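Coordinates in review
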Amino acid sequence: MSASWNILKKLRGKKPLDLVLFLLVHLASVLTIGFMLFIIGYIVAKGTPYLKPSLFALKYTSDNVSLFPSLVNTVTMTLLSLLIAVPFGIFTAIYLVEYAKRSNKIVGVIRVTTETLAGIPSIIYGLFGFLFFVVYLKWGYSLLAGSFTLAIMILPLIMRTSEEALKSVPDSFREGSFGLGAGRLRTLSKILLPYAMPGILSGVILAIGRIVGESAALIFTAGTLARIPTGLVPNKEQFFLFQSARTLSVHMYALSSEGFHVNEAYATALVLLVLVVGINALSFFIAKKFTRA
């Protein structure tokens, strides 16, 4: 009752246009939260009854349709893709914000290109990865080809979010640091990056969500072999990075498209949901640590 009364108090005395906008904003918020909760609840309800120990068997067979190899491959591919894309994205953003002249035409071209690449469908990245990494470089369907393709795909996202995070740092912080005698590099490492780190990590979180949910690009580059790549032999065919690997999203797609293990596909979706929530929670925890520092 108190919440309803507070809403009525806010609505009292508003202009018709303000009232319409107020109602539309709150309606959109309620619908968004409602749809999100419905999707999560539906996945939990459909997937929980089919979470069996056989789904977490070390090796995949057509009987147990284990998701464990795909889970390991998802984590490995996520780490490899971030290892490639995050340093390039952050360093590029640092150059664009802190070192490049604001009137530089090349900077404008880079920003337009980045925004354009961010909107390209993932299937285009998959075709590029297939033609360049799989065919031209002769990496074959492999963990490495998939990781590089995903790194290229998330690079514009990390660049833009890192750039905006650095732009949000007040200029007074830079001026105060320079006034105390600190150099540009020390100001960047001690003042700017810690302040901008929550925003940078937000971009990394979005990139992780795109990686773990990607399937089209990986079918063309990483393949669909449901096993954990092993081997540290320098021989290209036996080194684990040059072996085919199926991620959770590709595993879920394969199970649902075959039509024989749809229930296990829901269980896989639940595990994927838990994985994304866990990674996001860890990222927020790290962001808070940087904010306190």
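Up top is the structure these notes are about.
The sections below set out a description of the structure shown in this document. (Residues numbered from 1 in each chain as written. Predicted model: local features only at pLDDT ≥ 70, side-chain atom pairs only at ≥ 80, totals over all residues. Heavy atoms only, no water.)

What to know about the pattern of salt bridges
Pairing is possible between side chains of opposite charge, provided their charged atoms come close. Heads up, the condition is: The salt bridge criterion pairs a side-chain nitrogen of Lys or Arg with a carboxyl oxygen of Asp or Glu, the two atoms within 4 Å. Helix and strand assignments follow DSSP, with helices taken as H or I runs no shorter than four residues and strands as E runs no shorter than two, numbered in order from the N terminus. Between buried and exposed lies partly exposed: a residue is buried under 20% and exposed over 50% of the maximum accessible area for its type, with that area taken using a 1.4 Å probe on protein chains only.
For the structure shown, the criterion picks out eight salt bridges. The closest approach of N and O atoms between E163 and R111, which form a salt bridge, is 2.3 Å. One end of the pair, E163, is in helix α6 (residues 143–167); the other, R111, is in helix α4 (residues 105–118), and 52 residues separate them in sequence. Judged by its relative accessible area of 1%, E163 falls in the buried class.

A look at the nonpolar core
What counts, and what does not: Nonpolar cores were defined as sets of buried Ala, Val, Leu, Ile, Met, Phe, Trp, Tyr and Cys residues, with membership established by side-chain atoms within 4.5 Å. Contacts are residue-level and defined by heavy atoms, with any inter-residue pair within 4.5 Å sufficient.
One finds L82, I154, L166, I200 and L248 to be the most contacted residues of the largest nonpolar core, which totals 52 residues. Within the residue set of this core, elements represented by two or more residues are α3 (68–99), α5 (122–136), α6, α8 (184–212), α10 (248–258) and α11 (262–292). In terms of residue count, the dominant contributor to this core is α8 (twelve residues). Sequence-distant contacts of L82, that is, excluding residues within four places in its chain, are made with P87, I154, V204, I208 and I211.

Observations regarding the packing of α6 against α8
This is how the line gets drawn: Convention adopted: a line fitted to C-alpha atoms gives each axis, helices being fitted over their contacting stretch, and angles between N-to-C directions are expressed from 0 to 180 degrees. Under this scheme an angle from 65 to 115 degrees is roughly perpendicular, one under 35 degrees roughly parallel, and one over 145 degrees roughly antiparallel; angles in between are oblique. By definition, turning the near helix anticlockwise from the far helix through less than a right angle yields a left-handed crossing, and turning it clockwise yields a right-handed one. Ten residue types, Ala, Val, Leu, Ile, Met, Phe, Trp, Tyr, Cys and Pro, are classed as nonpolar, four, Asp, Glu, Lys and Arg, as charged, and the remainder, Gly among them, as polar.
Remark: α6 packs on α8, axes separated minimally by 8 Å, with the N-to-C direction vectors making an angle of 150°. Compared by their axis directions, α6 and α8 come out roughly antiparallel. Where α6 crosses over α8, the two elements pack in a sense that is right-handed. Here L150, M153, I154, L157, I158, T161, S162, A165 and L166 of α6 come into contact with α8, specifically with L192, L193, A196, G199, I200, G203, L206, A207, R210 and I211. Taken together, the residues of the contact of α6 with α8 sort by class into 14 nonpolar, four polar and one charged.

Re the packing of α5 against α6
How two helices sit against one another is set out by the angle between their axes and by the gap between those axes. Two numbers describe how α5 lies on α6: the axes approach to 9 Å, and their chain directions differ by 135°. As judged from the angle between their axes, α5 and α6 are oblique. Relative to α6, α5 is oriented so that their crossing is right-handed. Here S122, Y125, G126, F128, G129, F133 and V134 of α5 lie close against α6, whose contacting residues are A145, F148, T149, I152, M153 and P156. Partitioned by chemical class, the residues of the contact of α5 with α6 number nine nonpolar, four polar and no charged.

A few points about the side chain of Q243
This is how the line gets drawn: Think of a polar contact as two N or O atoms within 3.5 Å of one another; within protein, one of them needs to be a possible hydrogen donor and the other a possible acceptor, and neighboring residues in sequence only count if both atoms come from side chains.
Tracing the sequence through the fold places Q243 in the loop between α9 (216–221) and α10. A distance of 2.6 Å separates a polar atom in the side chain of Q243 from the backbone oxygen of T230.

Comments concerning the packing of aromatic side chains
Aromatic rings in a pair are described by how distant their centres are and how their planes are angled relative to each other. For clarity, the cut-off: Any two of the Phe, Tyr and Trp rings considered here, Trp counted by its six-membered ring, make a pair once their centres fall within 6.5 Å; the pair's planes then place it as stacked at under 30 degrees, edge-to-face at over 60, or tilted in between. A positively charged side chain is recorded as over a ring if its NZ (Lys) or CZ (Arg) lies within 6 Å of the ring centre. The angle to the ring normal must also be within 35 degrees.
Scanning the model with the defined rule gives 14 aromatic pairs in all. A centroid spacing of 5.1 Å and a plane angle of 75° characterise the contact between F132 and F133, whose relative ring orientation is edge-to-face. By relative accessible area, which is 32% here, F132 ends up partly exposed. If you follow R184 out to its NZ or CZ, it ends over the ring of Y99, 5.3 Å from the centre. The ring of Y60 carries R246 above its face, with NZ or CZ at 5.5 Å from the centroid.

A few points about the side chain of H261
Secondary-structure assignment places H261 in the loop between α10 and α11. The contact partners of H261, leaving out residues within four places of it in the chain, are S62, V65 and L255.

Let's talk about unusual backbone geometry
In the Ramachandran plot, V65 falls in the positive-phi region, its phi being about 40° despite a non-glycine side chain. Position of V65 relative to the elements: it lies in the loop between α2 (16–47) and α3. You can call V65 buried: its relative accessible area is 2%. Positive phi, close to 60°, is recorded for K138, a residue that is not glycine. Looking at where K138 falls in the secondary structure, it is placed in the loop between α5 and α6.

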